[in-house]
Amino acid sequence: MAERRSWFFFFIACAVSVWGAKAEFKFTVPVGKLFTYELMRETFQNDFEPLSKLYAGNLYDDPIIFKCKLQNFPDLPEWIRFTQRHPYDNGFLYGTPMVPGKSIIEVWAVNKRSYQTTRQIVVIKAVEEKILPYQAEFFIKLREIEKVLPPAVQSEIKADLQRLWNTEALEIVNITNALDRGGRVPLPLAGHFEGVYVKVGSEQYFSNCLLKVLNPEHSRQCSGADKGAKVKVPGECNFCSIPSNCITWCKTQLFDLSNPTPAPPAPTMGSGIMEEGGDFDPPESPPSRDYFPDYIVTVIVPLIIAIVLCVLLAYVMFCRREGVFQLYHHHTIHDNADELRNMAADRSGPPPLSTLPMFNYRTGERAPPLPSDSIPLILAQQEPHSDPEPR
Ligand SMILES: *[C@@H]1O[C@H](CO)[C@@H](O)[C@H](O)[C@H]1NC(C)=O
């Protein structure tokens, strides 16, 4: 029995390792070039229920979200970014490595319908390569990062920029969401987009079109927040074939990295021992302060005012006519309330004094009934009934 169970576990282990090996993807990226990897929802969907399509014929399209992190670490490496607009959209891992090295990325996919999870391993090996000496950054206003990262769109954009640069030897160096660079979240209206920065690099020097950016005239035209948006790409340099890929001319920047700035000189090391500089001179203790006036103002004065107010109130309440009357009024309300309470305990008691037609407050003595009391008030109404008219 135990042997059979261990065999069972052995098979499970084999299956898992085969499965795990299958869900591993390896990439080699040159340093300084953009790396993009699209996390396909379809692939992960097949991992969740691989047999349901074959046997039960169920085709699911579940919302899937991704969690990506460096293996054994809580977060992604600094140079990789992840984006997924919506659980029904594919996710993207992208970024530009700047130092050679290997990163093992764990991608967890969570099925938001069944809450199953599945894992993929992405191994990215960054290899040393020369940094492209001439680089330029363009701003594409009518785009969002997820719409630009698919390889087809990247090559469309690259084709336009190749014509602008007048060279085939062009590589995309970086793609950045404008929101990551201080851009604003657009209004949720048609025709408003976040915007994307695309940085490209080449071995070849900038074309004449690109050099126009360095003209003093360019900066004059583009100065002023509002004017900049309206400046068009000079006619002979406008190569944008798809309107949404057109660049904002005023936000174009050139970077010449061909003669790198020398690194600042290293700081000179000292002996590690502080120089001698006299004795420590502690500051004098501050002069003592008299707190008595403060005490008078904050404690004694309010106390005196409170006592005066108390005396005044007592005088008004006990020595003046209105006060005495108020106190008396208060007492009668109190007594009536007490009486009602007692009555509630005993239903067969006498009716409350305050409901009697007339009585003395203090003694409870009733006034003699008025002569009018004896006159039946409803007599006049009863008369027609007692003596009906003959018909
Ligand atoms: C790419 O863009 C990101 C975001 O702006 C920035 O942090 C990163 O340094 C850039 N990388 C390169 C190689 O320019």
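Above this text you will find the structure in question.
In what follows, the accompanying structure is described. Here the structure is a predicted model, which means the values were calculated and not measured.

On to the site of the ligand, then. In the vicinity of the ligand, the contacting residues are T96, M98, V173, N174, T176, D180, R181 and K199. Top element by residues in the shell around the ligand is strand β9 (residues 170-177). It accounts for three residues. Residues of the shell around the ligand, tallied by class, amount to two nonpolar, three polar and three charged.

Considering soluble globular proteins, one finds that nonpolar side chains tend to be buried as a cluster. Counting residues in each nonpolar core, the largest one holds 43 residues, and the members touching the most others are L93, I175, V196 and V198. Residue contributions to this core peak at five residues, all from strand β8 (residues 134-140). Taken domain by domain, this core gets at least three of its residues from each of domain 1 (20-129) and domain 2 (137-259). Not counting residues up to four positions away in its chain, the partners in contact with I175 are L34, Y94, I145, V148, L149, V196 and V198.

This brings us to the environment of V173. Tracing the sequence through the fold places V173 in strand β9. Sequence-distant contacts of V173, defined by excluding residues within four places in its chain, comprise G32, K33, L34, T96, L132, Q135, K199, V200 and G201.

Across residues other than glycine, the phi torsion is negative in most instances, and most of the peptide bonds are trans. A positive phi angle is found at Y115, which is not glycine, with a value near 60°. Tracing the sequence through the fold places Y115 in the loop between β6 (101-111) and β7 (117-127). Using a count of 7 C-beta atoms within 10 Å as the deciding quantity, one classes Y115 as exposed.

Conventions and cut-offs
- Residues numbered from 1 in each chain as written.
- Predicted model: local features only at pLDDT ≥ 70, side-chain atom pairs only at ≥ 80, totals over all residues.
- Near = placed C-beta within 6 Å.
- Helix = DSSP H or I, 4+ residues; strand = E, 2+ residues; numbered from the N terminus.
- Nonpolar A, V, L, I, M, F, W, Y, C, P; charged D, E, K, R; others polar.
- Core = buried A, V, L, I, M, F, W, Y, C linked by C-beta atoms within 7 Å.
- Buried ≥ 20, exposed ≤ 12 C-beta atoms within 10 Å, placed from the backbone.
- Domains from an automatic or database assignment.
- Contact = placed C-beta atoms within 7 Å.

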